[in-house]
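Structural overview
Read off the chains here:
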Amino acid sequence: MNNILQLKGQFQQQNNLNSFGPPSLPLKAFVESSHLENLKNQLQQILLFWQKNTLIKGALVSVYYKHVVAKSNRIKGLLCKGSSDPNDSICGSKFDGEPPTMRHVFTYYVMLDILKESISRLEICINIVNNEYGGKITQDDIDAINSKKKNTKILIFQKQISYV
């Protein structure tokens, strides 16, 4: 008969006191409004599909990342409402492809109103990137926003928007 390992004592978890810095992009990276427009169009198609197919009371949205991503680098400003965490709505994940082109795929279950809000946020972003940055926002632009050198109404959805 196997011996059973028995642990005694109290287990306590301490809150993480580290916080993340402001949104940023990788060095020499940028986000073009055409990419944001493409994301918006894809979300609109997903919304139309799930409005017609009412098998479930929400939508399943698969997000394909260009590479394997850490939990802290996943999508944050889209597919959520308010301060909710989109990681809480993940209902599946997988790896797609073979190295070195392997991609990380996460499937989210979101309500349709959250999908509509994400589309609206992307429209605001597209307008700002087009009107204030000539259709392309760079890391230098984001640094200026983060350091408050540039006064803008921009909504930055974290660096993940460039990876989706």
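Scope of this entry: the structure provided in the associated data block.

Things to note about unusual backbone geometry
A negative phi angle is the norm for most residues apart from glycine, just as the trans form is the norm for most peptide bonds. One non-glycine residue, K28, adopts positive backbone phi at about 65°. Along the chain, the position of K28 falls in the segment before β1 (30-32).

Details of the nonpolar core
V61, L79, Y108, V110 and L115 are the most contacted members of the largest nonpolar core, which totals 31 residues. Secondary structure elements with two or more residues in this core: α1 (33-52), β2 (59-64), β4 (103-110), α2 (112-133) and α3 (139-146). The element best represented in this core is α2, accounting for nine residues. Sequence-distant contacts of V110, that is, excluding residues within four places in its chain, are made with G58, A59, V61, L79, S89 and L115.

As for α3
Residues lying three or four places apart along an α-helix face the same way, a consequence of the helix completing one turn every 3.6 residues. Within α3 the residues assigned to the buried category are Q139, I142 and I145. Projection of α3 onto a plane perpendicular to its axis shows the buried side chains occupying an angular sector of 115°, all on one side. Contact partners of the buried residues in α3: α2 and β5 (136-138). One or two steps after α3, the chain reaches K148, where phi turns positive at roughly 65°.

Structural notes on the pairing of strand β3 (residues 90-96)
Here six bridges tie β3 to β4, and the two strands are oriented antiparallel to one another. Bridge pairing in β4 places I90 opposite Y108. Between β3 and β4, which pair antiparallel one after the other, the connecting turn spans six residues, and G97 there sits at a positive phi close to 90°.

Digging into the packing of α1 against α2
With their axes 9 Å apart at the nearest point, α1 and α2 run at an angle of 160° to one another. Overall, the two elements α1 and α2 adopt an arrangement that is roughly antiparallel. α2 is crossed by α1, and the crossing has left-handed handedness. When α1 is examined against α2, the residues S33, L36, E37, L39, K40, L43, Q44, I46, L47, W50 and Q51 are found in contact with a partner set consisting of L112, L115, K116, S118, I119, L122, E123, C125, I126, V129 and N130. When the residues that make up the contact of α1 with α2 are grouped by side-chain class, the tally is 13 nonpolar, five polar and four charged.

Criteria and cut-off values
- Residues numbered from 1 in each chain as written.
- Predicted model: local features only at pLDDT ≥ 70, side-chain atom pairs only at ≥ 80, totals over all residues.
- Heavy atoms only, no water.
- Helix = DSSP H or I, 4+ residues; strand = E, 2+ residues; numbered from the N terminus.
- Core = buried A, V, L, I, M, F, W, Y, C linked by side-chain atoms within 4.5 Å.
- Buried < 20%, exposed > 50% of the residue type's maximum accessible area, 1.4 Å probe, protein only.
- Contact = heavy atoms within 4.5 Å.
- Arc of directions from axis to C-beta.
- Pairing = 2+ DSSP bridges.
- Axes fitted to C-alpha atoms, helices over the stretch in contact; angles between N-to-C directions.
- Parallel < 35°, antiparallel > 145°, perpendicular 65-115°, else oblique.
- Left-handed = near helix turned anticlockwise from the far one by under 90°.
- Nonpolar A, V, L, I, M, F, W, Y, C, P; charged D, E, K, R; others polar.

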